Number of protein chains: 2
Amino acid sequence: MVEQRLNQYCESVEAALMKYIQPERDLGHTKIFEAARYSAMAGGKRIRPALVLEFCRVCGGDIEAAMPLACALEMIHTYSLIHDDLPCMDDDDLRRGKPTNHKVYGEAMAVLAGDGLLNLAFETASAHNPKLPPEVQVQAIRALSRASGMDGMIGGQVLDMEAENRSITLEELQTLQSLKTGALLKAGASLGCIAARATKEQRRAAETYAQKIGLAFQIRDDMLDIEGDAAVFGKPIGSDAENGKSTYPSLLGMEKCRELVDQLTQEAIQALACFEDHEFLAELAKMLAGRIK
Amino acid sequence: MVEQRLNQYCESVEAALMKYIQPERDLGHTKIFEAARYSAMAGGKRIRPALVLEFCRVCGGDIEAAMPLACALEMIHTYSLIHDDLPCMDDDDLRRGKPTNHKVYGEAMAVLAGDGLLNLAFETASAHNPKLPPEVQVQAIRALSRASGMDGMIGGQVLDMEAENRSITLEELQTLQSLKTGALLKAGASLGCIAARATKEQRRAAETYAQKIGLAFQIRDDMLDIEGDAAVFGKPIGSDAENGKSTYPSLLGMEKCRELVDQLTQEAIQALACFEDHEFLAELAKMLAGRIK
């Protein structure tokens, strides 16, 4: 059931992304839209936009109203991957089994395609929308830009860069993770609530859920780097240890990590108590914790 | 008189930029703010934010209300310079006589500082502002994001990249210039009018003015690359011809260029007729055309 609805969300988000990532007219600059679509359409579970749409739904909002915000968030996630893969950053040749953006379009175009998607997120979120009044749009843009900015995701990328080749404490690792991957997941919950004009209590509960599943997912990801199956995991096993990276297992041990993932997943599900129809979100938490497929 | 007011605008914009480009708290990620400030404070005439503030003023608006929009526009201009200077783009070591961002902070940090400034522009424009109602903020964010996006400035950067090492037509050069440098100048006029809640007629006139001075400035810039003084110009003379770039002088000849700059400056000044107090803007047009200091 969780897979089925996730697939539905995935399909509608991808159709909307295709519509948004189009030039107004052909001025000889259309290659950048091709490059942006290449990465935006390169797969992925679309967890972030799914959180936007589902939290909008469980708060009684109109999913269609939230779609531009869901796509804006996914555009920001995509741009961050394009820039992260650049030779001067992680220098990755493959992402989800496909050549990275700069391998296909060259470095200069990859920088611009990333910039373009970051910018397009705000074009999409601010575009005239009869279903979202301006005060809701501004509130959403504020939440989105704060989550993705230098005190949010970009700040996390900086911490990650500065943590290379040195060991960090558990507290430092938590701060890094809460910004680098946590901020956009939390933004998914926030944007869904904003679009539905949810109560403060609902928004707080949604954000707690997103923070818990984000942390559980990160710990699980670190564990898979040690005990996973490279084919399923999608990247080589053992790369963290090889790179001397501090991870949850290296700091806490595998047994403690397993307990923490369980505990966080339970807490995430408990946070959903104020939403009547929360079965999908509960199943999603379990899925991300690796307990169901 | 034009210099004096430009300096005043410059000072207040720089004070505001310093205030905006600050971390909320120190999480170990403050280096990126230092990198962002390095480029944002590296000088420049601040023409774009001055257009925002002055058009807001001549349309009867509150300059303070327009300040976040003026700074957002300058942040976008600054990020575009940081990314343009990267080794995979123009590979420049110096900008306005100072080492470029990546020369000081490294390529990875320069990519992130650029991303951070682009993002901060939208954080700044969407921040709670008692002087700008949400519907005005959304309208401003829409104008700003469209101007700087893939159908605006970024599209112009793509055209510029694709024009390398081949000759282009006058029409192609005009499209390229109207996007790459014209879009943000026009946005300066638009944002000032939006902040002041100007009439449609005022906004159209302001945008016409900005487009004319933008084109005149670009032609003048191309001319200076042929007949200028490297010390005053701030970059080596003759680099366009050396790089085989199509420019206004190479396509039209110097005499025709001189005439065009005069004509465009006249037309820009004529477009100001609907604004009572337009002396500064008229002088600014003449200054940019190189007719007064």
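Reading guide: rules and limits
- Residues numbered from 1 in each chain as written.
- Chains lettered and ligands numbered in written order.
- Predicted model: local features only at pLDDT ≥ 70, side-chain atom pairs only at ≥ 80, totals over all residues.
- Heavy atoms only, no water.
- Helix = DSSP H or I, 4+ residues; strand = E, 2+ residues; numbered from the N terminus.
- Rg over C-alpha atoms; globule rule 2.2 N^0.38 Å.
- Buried < 20%, exposed > 50% of the residue type's maximum accessible area, 1.4 Å probe, protein only.
- Contact = heavy atoms within 4.5 Å.
- Areas by Shrake-Rupley, 256 points an atom, 1.4 Å probe, with all protein chains shown as cover.
- Lys, Arg positive; Asp, Glu negative; His and termini not counted.
- Charge placed at Lys NZ, Arg CZ, Asp CG, Glu CD.
- Least-squares fit on C-alpha atoms with pLDDT ≥ 70 in both.
- Salt bridge = Lys/Arg side-chain N within 4 Å of Asp/Glu carboxyl O.
- pLDDT = per-residue confidence, 0-100.

Engineer: Got a sec to walk through the overall build of chain A? Specific residues and values, please.
Structural biologist: Helices and strands together make up the secondary structure of chain A, namely 16 helices and two strands. Its C-alpha atoms give chain A a radius of gyration of 19 Å, within 12% of the compact-globule value 19 Å for 293 residues. For chain A, the spread of C-alpha atoms along the principal axes amounts to about 55 × 50 × 35 Å. Counting only residues that meet the buried cut, chain A has 55% of its 293 residues in that class. Contacts spanning at least 24 positions in sequence make up 70% of the contacts within chain A whose residues lie at least 6 apart. Accessible area of chain A: about 12,100 Å², with a carbon and sulfur share of 48%. Computed over 32 positive and 43 negative side-chain charges, the inter-centroid distance for chain A is 4 Å.

Engineer: Outline the relation of the copies chain B and chain A, listing residues and values.
Structural biologist: You can overlay chain B on chain A at an RMSD of 0.0 Å; the transform is a turn of 180 degrees with a shift of 0.0 Å along its axis. Here the two chains are linked by the operation of a two-fold rotation axis.

Engineer: Give a detailed account of the pattern of salt bridges, specifying residues and quantitative values.
Structural biologist: Counting across every chain of the model gives 32 salt bridges over all chains. Between Glu54(B) and Arg57(B) there is a salt bridge; the shortest N-O distance is 2.9 Å. Of this pair, Glu54(B) and Arg57(B) both sit in helix H3 (residues 47-58), three residues apart, which is roughly one turn of that helix. Taking the relative accessible area as the measure of exposure, Glu54(B) reaches 0% and is therefore buried. Given a relative accessible area of 24%, Arg57(B) falls into the partly exposed group. A salt bridge links Lys131(B) to Asp62(B), with the shortest nitrogen-to-oxygen separation between them at 3.2 Å. With Lys131(B) in the loop between helix H6 (107-126) and helix H7 (134-148) and Asp62(B) in the loop between H3 and helix H4 (63-84), this pair connects stretches of sequence that are 69 residues apart. A residue is classified by how much of its surface remains accessible, and Asp62(B), at 36% relative accessible area, is partly exposed. Members of the salt-bridge network, linked through shared partners, are Arg5(A), Glu54(A), Arg57(A) and Asp277(A).

Engineer: Please give an account of unusual backbone geometry that cites residues and values.
Structural biologist: Residues and elements named next belong to chain B. Even without glycine at this site, Asn165 takes up a positive phi of about 60 degrees. Along the chain, Asn165 falls in the loop between helix H8 (153-162) and helix H9 (170-180). By relative accessible area, which is 69% here, Asn165 ends up exposed. Positive phi, close to 50 degrees, is recorded for Arg197, a residue that is not glycine. Relative to the elements of secondary structure, Arg197 occurs in the loop between helix H10 (182-195) and helix H11 (200-227).

Engineer: Give a detailed account of the confidence of the model for chain A, specifying residues and quantitative values.
Structural biologist: Interpretation of the predicted coordinates at a detailed level should be avoided for regions scoring low in pLDDT. Per-residue confidence for chain A averages 94 on the pLDDT scale, and 96% of its residues sit at or above 70. For this predicted complex, the interface confidence score (ipTM) comes to 0.96, while the overall pTM stands at 0.96.

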